[in-house]
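# Per-entry structural report
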Amino acid sequence: MSEPEQHADPIARFKEAIERARRTEPFEPDRAALATADPSGRPSVRYVLVRGYDQEGFAFYTNYESDKARDLEANPRAAIAWHWSTIGEQVRARGSVRRMSPEASDAYFAMRPHGSRVGAWASPQSRPIGSREELERRVAELDERYSGRSVERPSFWGGYLLVPDEIEFWIDRESRLHDRFLYTREGTGWRVTRLAP
């Protein structure tokens, strides 16, 4: 891997890494562990699919009434991590989180398969339900309601953007002498520091 001076832009570096992972990973390379904390500081972590990234940050989508969304509304900071074993690389980012615009959420929702759109309506995410049959019944009702027409985005579902102030790249090396590069946001640019493994 090149020295950090050749990678002044961590988003470009992330794009290179995830594209390598897309060629080799047997499972979804966009999956990442997202860590949040509730108002008392109690942490939670779960996997999400990161469905977009650019110079602004990393986008993921969820039910706004889910546990993760409640955490983020109360404490709008988070950390996210990808690990791709086939290429021996890990990326971590942390920063502030904000809701994406309704227009951006609409655009992504419209690209989802019909079943995923219906599922967003059917599932009271993170809430107790009586049975699997109850959920399937709700899906069947919604399938019938939306038969032959588009499924619009529910107002309780949409995107969040993690705006990183730090991004760290970890590259596996022999004898556990891994390469680690920490990018810290400074104004409109980034400062990069090599860390000891």
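Everything discussed here concerns the structure shown above.
Residues numbered from 1 in each chain as written. Predicted model: local features only at pLDDT ≥ 70, side-chain atom pairs only at ≥ 80, totals over all residues. Heavy atoms only, no water.

## Some words on unusual backbone geometry
Residues other than glycine predominantly adopt negative phi, and peptide bonds predominantly adopt the trans conformation. Of note in the backbone geometry, Ser 175 takes a positive phi value of approximately 60 degrees without being a glycine. Tracing the backbone through its elements, the reader meets Ser 175 in the loop between β7 (157–171) and β8 (179–186). Residues other than glycine seldom take positive phi values, yet Arg 176 does so here, at roughly 60 degrees. Of the residues examined, Arg 176 reaches a relative accessible area of 64% and is grouped as exposed. (Helix = DSSP H or I, 4+ residues; strand = E, 2+ residues; numbered from the N terminus. Buried < 20%, exposed > 50% of the residue type's maximum accessible area, 1.4 Å probe, protein only.)

## As for the packing of aromatic side chains
All chains considered together, the criterion is met by 13 aromatic pairs. The interplanar angle of 75 degrees and the centroid separation of 5.5 Å between the aromatic rings of Phe 169 and Tyr 183 together place this pair among those described as edge-to-face. Of this pair, Phe 169 sits in strand β7 while Tyr 183 sits in strand β8, and the two are 14 residues apart along the sequence. The structure contains a cluster of three or more aromatic residues connected by ring pairs, namely Phe 14, Tyr 53, Phe 58, Trp 82 and Trp 84. Over the face of the ring belonging to Phe 169 we find Arg 13, whose NZ or CZ atom lies 5.2 Å from the ring centre. Lying over the aromatic face of Tyr 64, Arg 99 brings its terminal NZ or CZ to 3.6 Å of the ring centre. (Phe/Tyr/Trp six-rings, centres within 6.5 Å; stacked < 30°, edge-to-face > 60°. Lys NZ or Arg CZ within 6 Å of the ring centre and 35° of its normal.)

## Points about the environment of Arg 145
Tracing the backbone shows Arg 145 in helix α5 (residues 132–145). Measuring from C-alpha to C-alpha, the distance between Arg 145 and Thr 184 comes to 49 Å, with 39 residues separating the pair along the chain.

## Describing helix α2 (residues 67–74)
Listed in full, the buried residues belonging to α2 are Lys 68, Ala 69, Asp 71 and Leu 72. An end-on view of α2 places all buried positions within 160 degrees of arc, on one side of the element. Along its buried surface, α2 packs onto β1 (31–37), β2 (43–49), β4 (58–63), β5 (77–84), β6 (89–99) and β7. (Arc of directions from axis to C-beta. Contact = heavy atoms within 4.5 Å.)

## Some words on the pairing of β8
As a general feature of sheets, a regular strand has side chains that alternate between the two faces. Counting buried positions over the eight residues of β8 gives six, a clear majority of the element. Across six bridges, β7 lies against β8 in antiparallel orientation. Within the sheet, the bridge partner assigned to Trp 170 lies in β8 and is Arg 180. Bridge analysis of β8 against strand β9 (residues 189–195) gives seven bridges, and the strand direction is antiparallel. By the bridge assignment, Tyr 183 is partnered in β9 with Val 192. The loop that links β8 with its antiparallel partner β9 comprises two residues; one of these, Gly 187, has a positive phi angle of about 65 degrees. (Pairing = 2+ DSSP bridges.)

## Side note on the environment of Ile 129
In this structure, Ile 129 sits in the loop between α4 (114–122) and α5. Owing to a relative accessible area of 39%, Ile 129 belongs among the partly exposed residues under this scheme. Remark: the alpha-carbon pair of Ile 129 and Pro 113, spanning 16 residues in sequence, is separated by 24 Å. In this view, Ile 129 contacts Pro 124, Glu 134 and Leu 135; residues no more than four positions away in its chain are not counted.

## Comments concerning the pattern of salt bridges
Counted under the stated rule, the structure contains 18 salt bridges. Where Arg 22 meets Asp 30, a salt bridge forms, and the shortest distance between an N and an O atom there is 2.7 Å. Residue Arg 22 is classed as partly exposed on the basis of its relative accessible area, which comes to 36%. Here Arg 153 ties to Asp 106 by a salt bridge, and the two come within 2.6 Å at their closest N and O atoms. With Arg 153 in the loop between α5 and β7 and Asp 106 in helix α3 (residues 102–111), this pair connects stretches of sequence that are 47 residues apart. With a relative accessible area of 18%, Arg 153 lands in the buried category. Take Asp 106: its relative accessible area is 39%, and that puts it in the partly exposed class. Where salt bridges share partners, they join Glu 19, Arg 22, Glu 28, Asp 30 and Arg 51 into one cluster. (Salt bridge = Lys/Arg side-chain N within 4 Å of Asp/Glu carboxyl O.)

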